[in-house]
Amino acid sequence: MTQSPSLVEQGLSQQHLKTVSCANVLTLAYQSLGVIYGDLSTSPLYVYKTTFSGKLSLHENDEEIFGVFSFIFWTFTLIALFKYVFIVLSADDNGEGGTFALYSLLCRYAKLSILPNHQEMDEKLSTYATGSPGVTRQSAAVKSFFEKHPKSQKFLLIFVLLGTCMAIGDSVLTPTISVLSAVSGVKLKIPNLHENYVVIIACIILVAIFSVQRYGTHRVAFIFAPISTAWLLSISCIGVYNTIKWNPRIVSALSPVYMYKFLRSTGVEGWVSLGGVVLSITGVETMFADLGHFSSLSIKVAFSFFVYPCLILAYMGEAAFLSKHHEDIQQSFYKAIPEPVFWPVFIVATFAAVVGSQAVISATFSIISQCCALDCFPRVKIIHTSSKIHGQIYIPEVNWMLMCLCLAVTIGLRDTNMMGHAYGLAVTSVMLVTTCLMTLVMTIVWKQRVITVLAFLAFFGSIELLYFSACVYKIPEGGWIPILLSLTFMAVMYIWNYGTTKKHEFDVENKVSMDRIVSLGPSIGMVRVPGIGLVYTNLVTGVPAVFGHFVTNLPAFHKILVFVCVKSVQVPYIGEEERFVISRVGPKEYGMFRSVVRYGYRDVPREMYDFESRLVSALIEFVETETEEEEEVLNARRKKEECMEIMEAKEAGVAYILGHSYAKAKQSSSLLKKLAVNVVFAFMSTNCRGTDVVLNVPHTSLLEVGMVYYV
């Protein structure tokens, strides 16, 4: 199949880009520079500055500078190139990447579904494929462990949420440190400029970045790739110039021997400084998380043949400059820029910081959307900013919250070194989570040998633990910020997930007996009036308790009754042809159906989605294809009559019945549970988006019924 250029421009999921030409791969690789690598490419602004911000001193023999550059080179090569590009990018979930993609794979292969309304029919989805049925001894052992220890499944969820929350913390720290580092370069040309003015300029840029989010990145995305390309080319050329002019001998630091010499001569201070070195690979998670907008091959090509060499040359040149200018360590990046090109590079650096910020902000919107789909975050308003590009969304509440946090960190810290310490802890935490999840994926999904899995975990885990330990040492000096942010977000996510799970359990325990409904007869004990009644419920089987209130208290109900369950499945996308699952509830003459409407964790229901028409079409299709044991002519006549009844009922009007529920902890519950459910969960439930708004229910057709859930 030949892909048209328009499909490439839309950045469709990898599952739609299986067959790509060389030109298309290069086009996607070029576009990825502006979306994926903005964060990674701005790291040279602050890496050396943060690394040498502590007690690490420079000696005349330049052993420290050579050692730091050697660490940067090998960290970049081993973690970014070998781990992420060559290994992690292969662990995609139907073309999607990121922490949730790895977790989704594990849930499907090891039956670890956290979604309470999972059905066997979900496993027949085209995107649910679990590969070859072969099971190795080690994969069976891991599956058995999770099955026998349900608490381990909950621990895995918490572990994934921790990585997710640290990634959200990245979205607070990336715009802050990138913009402030870029703007601070102006002090070289205007030495008398007070620090307050630099902070004010940075804050104005941050406010501007967040203010334009509602227009969507697609309106300005066409200039992102040229900016990132110009930035990478400029810093790499400057790097080559500085290497040749100041110290060509820096090339010898590519040898890993210099890392050993560095740690031997600097001791504890050298180990602590590694918290700055790890900032050179900030943004590698974004490379994996944004996999769904590009093909894996295009990302690998862009990184291996352009981003990687450009950044290595930039770090090499800055190290060569530093080896001859020890006194400029805290302003090394801008000091190393040749005078004639200072202002052009400064302007490009500022724009590059904006591009890097945009990448993580957009990634955060996607993360929050996925969390909402998996019942791990309160419902928020999700707006599609593009009718063509899938996944381009905007979440107002999250956007303004991130802006306030960025401004608070910028004004409160004012110091990029402290921001760097905070940033390093967030980055290493996410990388460790990815390494652990990849170990499980290699065991359960890829079914690799034990020796291969252990080698991966030991090699990359030990490197990341080394950097993580150095960042932990910096907790008093800014490292506490991502911890506080992640714990706050994780508390919100876990309490919301706990509350919704308990409400579902209450629904299951209190659903109306089908025998009771059938005993009431075809009229269900009420007058059946023309129209379609849609009763929304979380249940995929049985009759919800909210319907019991109608049976008991209302004198009339609609002729066609449909129990609608809108649920998420742990796959990224579900095609429209597999969206609806229709079944009957009770005998045919009762006129009752169940419609399960399925979405993937990357699917976002669109605002103008014509739900009523699609549901009616699905009902008619179900009636027409339903098999029955009776004469063919009689059967065809009855089907036609029932289809006409459904169409007439739609013309008479559609009513939406939703349960407006309140969760309360039982009297016997612990104080902690009462605080979590009665205060925190109740506050979030009251202030989040209502179910009717999320489902785009017309207010003129809405009927809500109050319910109290004792959990």
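In this report, we go over the structure that sits alongside the text.

Cut-offs used in this document
- Residues numbered from 1 in each chain as written.
- Predicted model: local features only at pLDDT ≥ 70, side-chain atom pairs only at ≥ 80, totals over all residues.
- Heavy atoms only, no water.
- Salt bridge = Lys/Arg side-chain N within 4 Å of Asp/Glu carboxyl O.
- Helix = DSSP H or I, 4+ residues; strand = E, 2+ residues; numbered from the N terminus.
- Buried < 20%, exposed > 50% of the residue type's maximum accessible area, 1.4 Å probe, protein only.
- Pairing = 2+ DSSP bridges.
- Axes fitted to C-alpha atoms, helices over the stretch in contact; angles between N-to-C directions.
- Parallel < 35°, antiparallel > 145°, perpendicular 65-115°, else oblique.
- Left-handed = near helix turned anticlockwise from the far one by under 90°.
- Contact = heavy atoms within 4.5 Å.
- Nonpolar A, V, L, I, M, F, W, Y, C, P; charged D, E, K, R; others polar.
- 1 Å grid on protein atoms, 1.4 Å probe; cavity = no way out; pocket = protein on both sides within 12 Å on 5 of 7 lines; lining within 4 Å.
- Points joined across faces, edges and corners; volume = space filled by probe spheres on them.
- Core = buried A, V, L, I, M, F, W, Y, C linked by side-chain atoms within 4.5 Å.

Take the pattern of salt bridges next. One pass over the structure, following the stated rule, counts 14 salt bridges. The salt bridge involving Arg 584 is made with Glu 626; its shortest N-O contact spans 2.9 Å. Taken together, the residues Arg 584 in strand β5 (residues 580–584) and Glu 626 in the loop between α23 (611–625) and α24 (632–652) connect sequence positions 42 residues apart. The same class applies to Arg 584 as to Glu 626, namely buried. Across the pair Glu 642 and Arg 584 runs a salt bridge, and its minimum N-O distance is 2.7 Å. Note that Glu 642 is positioned in helix α24 and Arg 584 in strand β5, a separation of 58 residues in sequence. One salt-bridge network, in which partners are shared between bridges, spans Glu 576, Arg 579, Asp 603 and Arg 614.

Moving on to the pairing of β5. Where a strand is regular, its side chains alternate between the two sheet faces. Of all five residues making up β5, four are buried, and the element is well covered by its neighbours. For β5 and strand β6 (residues 592–600), the ladder comprises five bridges, and the chain directions are antiparallel. Residue Val 581 lies in a different strand from β6, and its bridge partner there is Val 596.

Moving on: the packing of helix α5 (residues 63–87) against helix α11 (residues 257–266). Relative orientation of the contacting elements α5 and α11 amounts to 130°, with a least axis distance of 8 Å. Regarding the angle of α5 to α11, the classification is oblique. The two elements α5 and α11 cross, and the hand of that crossing is left-handed. From α5, Glu 63, Glu 64, Phe 66, Gly 67, Val 68, Ser 70, Phe 71 and Trp 74 reach across to α11, where they touch Tyr 258, Met 259, Lys 261, Phe 262, Leu 263, Ser 265 and Thr 266. Across the contact of α5 with α11, the residue classes break down as eight nonpolar, four polar and three charged.

Take empty space enclosed by the protein next. Taken as a whole and judged by the stated rule, the model has six cavities of 30 Å³ or more. Estimated volume of the largest cavity: approximately 280 Å³. If you go around the largest cavity, you meet 19 residues; those closest to its centre are Ala 167, Glu 285, Ala 289, Ala 363 and Ile 367. Contributions of two or more residues to the lining of the largest cavity are made by α6 (99–109), α8 (150–183), α13 (284–289) and α16 (342–373).

It is worth spelling out unusual backbone geometry at this point. One non-glycine residue, Asp 375, lies in positive phi territory at about 60°. Here Asp 375 is to be found in the loop between α16 and β1 (383–384). Positioned with a positive phi, Arg 414 is a non-glycine residue whose angle comes to about 60°. Relative accessible area serves as the criterion here: at 31%, Arg 414 is assigned to the partly exposed category.

Right, let's get into the nonpolar core. One finds Tyr 37, Tyr 48, Trp 231, Met 287, Phe 303 and Tyr 334 to be the most contacted residues of the largest nonpolar core, which totals 160 residues. Residues contacting Tyr 334, with those up to four places away along its chain left out, are Leu 45, Ser 181, Ala 182, Gly 185, Leu 188, Phe 342, Phe 346 and Ala 349. Tyr 536, Ile 560, Val 616 and Val 623 belong to the second largest nonpolar core, which has 26 residues in total.

Strand order in this open sheet of six strands is β5-β6-β4-β3-β7-β8, and the pairing throughout is mixed. The outermost strands of the open sheet, each flanked by one partner alone, are β5 and β8 (702–710). Across the sheet, the mean angle separating the axes of adjacent strands is 25° when strand polarity is ignored.

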